[in-house]
Amino acid sequence: MKYGVIGTGAIGGYYGSRLAQSGQEVHFLFHKDYEYVKENGLQVDSCNGSFHLSPVNAYQRTEDMPQCDVVLVGLKTINNHLLPQLLPPLLHERTAVVLIQNGVGVEADVQQMFPSTALIAGLAFICSAKTEPGRVNHQCYGSINLGNYSCKDETLFNAILNDFINAGIQAASVPYEEARWKKAVWNMPFNGMTVALNTQTDLLLKNPSTRQLIREQMMEVVDASRALGVKGVDEAFVEKMIQMTDEMTPYSPSMKLDFDFHRPMEIHYLYTRPIEIAREAGFRMHKLEMLEAELRFLSHD
């Protein structure tokens, strides 16, 4: 299949490069580092084995890219207002769009922009950063869950899943709502807390007070998902996420990097929308509402 990548950063750059390395035809949209990648290729420094892609199918405008069977969107959600301009040149009537983005409520809003387009949620469990041109630093993990939001073609969905697996990526199909809320269990505490306390993931868990607070915030997400009738998000998953983070390389999540580099933070889909959705179902996430208020205070946007 023919793949397109919009947002070739830490996430889109990693998964797109792994697909390309496995032999898939992948076309990448670049912003600031287009010239660098066109001349030097794309370097992936990975805990699972580093590699270099050259030449790269690199573009500055989606108008110059071919129509694709699958489009991976790795943009930050704060840039989703650009999708009506960026996506149409890549779409044909059977194209599936995989939104590898943080937050809750993303697919519903993108579906309003593209009512007839098949959408899939891509939930990445990965420590990856891109802090210099043409280089992705993949520190650890790297699995991805795919949640089918509106792709009616099961053959296409399964083909995408198999392409990820054949590229050496641990990938699984999970129910859409479960996938989004499971990702929120980790994202909502750690993204905001590393910003509010100016720290990294490991130090939050080494301190008994913040470790307890992180766990309580995670349980708020679990309880919110239960109020919404979402299955599969439970206390055992909370313990799994804490253990995973204990074993993780000290890490600054994407929101912390955005804050440090004076970029807008993804507060809306990571906090505001899930808090609103939970409140509408009759559940208040009090600790995470407080964290959202702190992030609004600290926000550069």
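What you are looking at is a predicted structure, and each value in this text was computed from that prediction instead of being measured.

Under the definition given, this model contains five aromatic pairs. Aromatic side chains phenylalanine 28 and phenylalanine 30 sit 6.1 Å apart centroid to centroid with 35° between the ring planes, which places their arrangement in the tilted category. Classification of phenylalanine 28 by relative accessible area gives buried; the value is 1%. Relative to phenylalanine 190, the ring of tryptophan 186 lies with its centre 4.8 Å away and its plane at 25°, an arrangement referred to as stacked. Of the two residues, tryptophan 186 and phenylalanine 190 both sit in helix α6 (residues 176-196), four residues apart, roughly one turn of that helix. Residue phenylalanine 190 is classed as buried on the basis of its relative accessible area, which comes to 0%. Taken together through their ring pairs, the aromatic side chains of Tyr14, Tyr15 and Phe164 make up a single cluster. Between lysine 183 and the ring centre of phenylalanine 125, over which it is positioned, the NZ or CZ distance is 5.7 Å.

Its boundaries defined by the atoms lining it, the second largest pocket holds a volume of some 360 Å³. What lines the second largest pocket is a set of 20 residues, and nearest its centre among them are Phe125, Ser143, Ile144, Asn145 and Gln170. For the lining of the second largest pocket, the secondary-structure elements that each account for two or more residues are α1 (12-21), β9 (135-148), β10 (171-173) and α9 (235-247). With five residues, the single largest contributor to the lining of the second largest pocket is β9. For the lining of the second largest pocket, the residue count by class is 11 nonpolar, six polar and three charged.

What follows is about the nonpolar core. Membership of the largest hydrophobic core comes to 46 residues, with the highest contact counts inside it found for Val185, Met218 and Tyr271. Where this core is concerned, the elements lending two or more residues are β8 (118-132), α6, α7 (201-206), α8 (208-227), α9, α10 (254-260), α11 (267-280) and α12 (286-298). Take this core: its biggest share by element is 10 residues, from α6. Apart from residues lying up to four places away in sequence, tyrosine 271 is in contact with Asn187, Met188, Pro189, Asn191, Gly192, Met255, Leu288, Leu291, Glu292 and Leu295.

With that settled, the discussion passes to unusual backbone geometry. Here the residue pair serine 54 and proline 55 is connected by a cis peptide bond, since its omega of 0° sits within 30 degrees of zero. In this fold, proline 55 is placed in the loop between β4 (51-53) and β5 (58-59). Although it is not a glycine, asparagine 198 sits at a positive phi angle of roughly 50°. Residue position: asparagine 198 is located in the loop between α6 and α7. Its identity as a non-glycine residue notwithstanding, histidine 262 has a phi of 60°, on the positive side. Position of histidine 262 among the secondary structure elements: in the loop between α10 and α11.

According to the stated counting rule, one finds one cavity of 30 Å³ or more in the structure shown. By volume, the largest cavity is sized at about 40 Å³. Taken together, Gly103, Val104, Arg180, Lys183, Ala184, Asn187, Met188, Tyr269, Leu270 and Pro274 make up the lining of the largest cavity. Those elements that place two or more of their residues in the lining of the largest cavity are α6 and α11.

With that out of the way, let us pick up the environment of valine 70. If you trace the backbone, valine 70 turns up in strand β6 (residues 70-73). Given a relative accessible area of 0%, valine 70 falls into the buried group. Separated by 148 residues in sequence, valine 70 and methionine 218 place their C-alpha atoms 33 Å apart. In contact with valine 70, not counting residues within four places along its chain, are Met1, Lys2, Tyr3, Gly4, Thr95, Ala96, Val98 and Ile160.

Overall, the coordinates contain 21 salt bridges when judged by the stated rule. Across the pair aspartate 258 and lysine 76 runs a salt bridge whose closest N-O atoms are separated by 2.8 Å. Linking aspartate 258 in helix α10 with lysine 76 in the loop between β6 and α3 (83-86), this pair joins segments that are 182 residues apart in sequence. By relative accessible area, which is 27% here, lysine 76 ends up partly exposed. Here lysine 206 ties to aspartate 202 by a salt bridge, and the two come within 3.8 Å at their closest N and O atoms. With lysine 206 and aspartate 202 both in helix α7 and four residues apart, this pair spans about one turn of that helix. Assessed through its relative accessible area of 15%, aspartate 202 is described here as buried. Taken together, the shared-partner salt bridges in this structure form one network comprising Asp45, Glu132 and Arg135.

The rules behind the values
Residues numbered from 1 in each chain as written. Predicted model: local features only at pLDDT ≥ 70, side-chain atom pairs only at ≥ 80, totals over all residues. Heavy atoms only, no water. Phe/Tyr/Trp six-rings, centres within 6.5 Å; stacked < 30°, edge-to-face > 60°. Buried < 20%, exposed > 50% of the residue type's maximum accessible area, 1.4 Å probe, protein only. Helix = DSSP H or I, 4+ residues; strand = E, 2+ residues; numbered from the N terminus. Lys NZ or Arg CZ within 6 Å of the ring centre and 35° of its normal. 1 Å grid on protein atoms, 1.4 Å probe; cavity = no way out; pocket = protein on both sides within 12 Å on 5 of 7 lines; lining within 4 Å. Points joined across faces, edges and corners; volume = space filled by probe spheres on them. Nonpolar A, V, L, I, M, F, W, Y, C, P; charged D, E, K, R; others polar. Core = buried A, V, L, I, M, F, W, Y, C linked by side-chain atoms within 4.5 Å. Contact = heavy atoms within 4.5 Å. Salt bridge = Lys/Arg side-chain N within 4 Å of Asp/Glu carboxyl O.

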